[in-house]
Amino acid sequence: MNLWNQAPFIRLILPFIAGILSAIYFPFQLAYSIYIIAVLAAIIALIILIPRLNISYRKSWWFGVIINCALFIFSYQLTISKTEKFATNHFSKFTDSTQYVYAKLNESYLEKEKSLKAVLEVIAVKQIGNWKKTCGKAMIYFKKDSRSLKLKYGDEIVMRVNFKEVPPPQNPGEFNYKKFLAFHNIFHQAYLKNNDWVYSGHNSGNPILTTSINLRNSLLNAFIANHILNDEFAVGSALLLGYVDKLDADILTAYASTGALHVLSVSGLHVAIVYVVFNWLLFFFNKIKYGLIIKAVILLLLLWFYAILTGSSPSVLRSAAMLSFIIIAKTFNRNTNIYNTLAASAFFLFLFNPYLILDVGFQLSYIAVIGIVYIQPMIYNWFEVNNWLLEQVWAITAVSIAAQIATFPLGLYYFHQFPNYFLLSNLIVIPLSTVIIYLGLSVLAFVKISILVKYLAIGFSWSVWLLNSSVKQIESWPYAVQQGISITVFDTLFLYALIVSLLLYFSKKQFQYLFFAMSLGIILLCSQLIEQYGQFTQKKMIIYNIPKTSAIDFICAKTNLLLTDTAFAKNENGLKFRIKNNWSESGMNDTKIISGNFETNNLIIRNNFIQFFDKRIARVNEKEVLKTKNIMPQKPLQVDYLIISRNPYLHISEIVKLFDAKTIIFDSSNSQYNINKWKSECNTLSQSYYSVIDSGALVVNLKSYL
């Protein structure tokens, strides 16, 4: 019997996924979708229940078509119904005349340096003295103070707020935060000052979620009480409880660069250990009547409570769903197929949240498991190892290689890097993280036994310290990570098609798979050659939109120079979020960041004057204006672009006497008030202008020099 027959859920989930993706990228309301689904379901039921209609599968290809159509339309309509902005009572439809908003915290806030970030569910809005019930979520930033720090999940507040749509990316290659939030049904955001909101005195949080949050806070406090602090606390609590708020950028970068970032999210390993521990503790149920069923129910409740406790990340949801199907199958003595279980668990999760399909963690989690299940046995059988220790090392190595083969195309697409030492890091990370999980569970289990927990906490802290130190050491080695890799969606799909073709060739030894793989390889090579040609011939200037910052990028082939403020030049997180993705997509391999004068064959920066190939650029700020006010030339200096920065006190009428600019550019270091004033003056003088804050980054493509 082939896989297609052994795993029927694979056949069911394919049209289901197609419907979800169609609804996400081509959304519109189907007027009669419910009736169509009902009719198709009735036809399917009649064919199954009436023997005369239940003809053989070989002759009923159209029966499969009906099922596929029903699943496609059902998932399409399900996704539309889960997209809150289509609801008739979404709060955004009442914002024009809203006086007050009544909302509740949909989750615990994330503490930032100067604000608290939280998702609010809008329950009602007040218009002309009347409250109207609404739905929808919004991203809210509270001003950080003693009052806002007291807020917790489920608290209901009344606020006076002006919601704004989440803006699209303002710079080329910038992370699309608007799309990211949209996939979580969040389309609006707002900032609240101290006097913009009051606590209603009510809390309507889900009791299970409230209990899990309170329990997690108690467990975190237990770590602190036992002197598990700093990076040990940050990594240990992330690894065991899914609490990532205290992870700093350096730790995240180190784990990402060594291919060990998966350890910092609760995943299958953690859920499996919880299952093994409690399955062993509940062994006595095996010997009593209905004991297996009672044990299964307890295990399912524990698994899903742990999933909620750790933040319900896509990877832990996948693991909990998979194990749930396995537990149920074992309880009733049913054989399970791992691929069918994977498809069934995904199907189950999509019913609750179709948008999970676009979550990076969800994609990586499922693809990694598929890779391990299918590829790992092939790799493991390459060698026969008789030594127990070496056999364990080889087993971990085989798992690491299999998971990396399965996930590296997605890693290149999303993260633009490849960890070169992933094999070594996983040989250290996987055993250590397993030890840390057991020690962490022991600390929490025996927290009331002070003598025992003291030594368990010491062992836990030292284990996490060793894990962090090992990862940081590997990250410091030369060529630890290959960065700046950029591939498109189509490149990613072609890579996966190539991997599947090669795997089929090695398993089935049929030449057509090798031929197909070689053809895909040639297509990918041609695609990369075309991309490389474009990168080697590119020549452009980019003025970025970065709040309160002046940043100009000069790109020539695969080299570039960023002229920016000293503070932003040192802001690694800002560079990564705003600019570095564009550098990866543009193929940059030689980057310089400066704040002063500079000179090459094609670029000259002297004070506030710039020559980039044949383009002449002048920059004007407060200091420069003061210098030039008393030096009035007989004829204005001709420039291609005049960039106004840092809110200089001037009028455009004064500037045009000094410079004859084809375009005046207001960069993002200026205030909106000044920009609006200058725009009005430019309109009066018929002067061409461009506002980076209003229109996003300005990209000036120069003619190719090849």
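Everything below is about the structure shown above.
Residues numbered from 1 in each chain as written. Predicted model: local features only at pLDDT ≥ 70, side-chain atom pairs only at ≥ 80, totals over all residues. Heavy atoms only, no water.

Caption draft 1: Spatial organisation of a nonpolar patch on the surface. A surface patch of nonpolar side chains, about 780 Å² in accessible area, is lined by Ile-288, Tyr-290, Ile-293, Ile-294, Val-297, Leu-301, Ile-328 and Phe-332. When residues of the nonpolar patch are assigned to their parent elements, the largest contribution, 4 residues, is made by helix α10 (residues 291-309). Here Ile-294 shows up in helix α10. Of the residues examined, Ile-294 reaches a relative accessible area of 37% and is grouped as partly exposed. (Patch = residues over 30% accessible without salt bridge, like charges linked within 9 Å, V, L, I, M, F, W, Y side chains within 5 Å. Areas by Shrake-Rupley, 256 points an atom, 1.4 Å probe, with all protein chains shown as cover. Salt bridge = Lys/Arg side-chain N within 4 Å of Asp/Glu carboxyl O. Helix = DSSP H or I, 4+ residues; strand = E, 2+ residues; numbered from the N terminus. Buried < 20%, exposed > 50% of the residue type's maximum accessible area, 1.4 Å probe, protein only.)

Caption draft 2: The sheet that holds strand β21 (residues 659-666), seen in detail. The sheet built from 7 strands is open, its strands ordered β16-β17-β18-β19-β20-β21-β22 with mixed pairing. The sheet is open, and its two edges are formed by β16 (598-599) and β22 (689-691), each paired on a single side. One ladder, built from 2 bridges, connects β16 with strand β17 (residues 603-606); its direction is antiparallel. Following the sheet pairing, Phe-598 is matched in β17 by Ile-605. (Pairing = 2+ DSSP bridges.)

Caption draft 3: Geometry of the packing of aromatic side chains. Considering all chains together, one arrives at 33 aromatic pairs under this definition. When the ring of Tyr-177 is compared with that of Phe-180, the centres are 6.2 Å apart and the planes differ by 15°; the resulting orientation is stacked. Here Tyr-177 and its partner Phe-180 are both found in helix α5 (residues 177-182), 3 residues apart, which amounts to about one turn of the helix. Taking relative accessible area as the criterion, Tyr-177 reaches 19% and is therefore assigned buried. What makes Phe-180 partly exposed here is its relative accessible area of 38%. With a centroid separation of 5.7 Å and an interplanar angle of 75°, the aromatic rings of Tyr-421 and Trp-477 are classed as edge-to-face. Here the residue Tyr-421 occupies a position in the loop between β10 (417-419) and α15 (422-445), and Trp-477 occupies one in the loop between α16 (450-476) and β11 (481-483), the gap between them amounting to 56 residues. Of the residues examined, Tyr-421 reaches a relative accessible area of 25% and is grouped as partly exposed. Site record: aromatic cluster; members linked through ring pairs are Phe-9, Phe-16, Phe-74 and Phe-347. Cation over ring: Arg-147 sits above Trp-197, and NZ or CZ is 4.0 Å from the ring centre. The lysine or arginine in question, Lys-539, covers the ring of Phe-613, its NZ or CZ lying 4.2 Å from the ring centre. (Phe/Tyr/Trp six-rings, centres within 6.5 Å; stacked < 30°, edge-to-face > 60°. Lys NZ or Arg CZ within 6 Å of the ring centre and 35° of its normal.)

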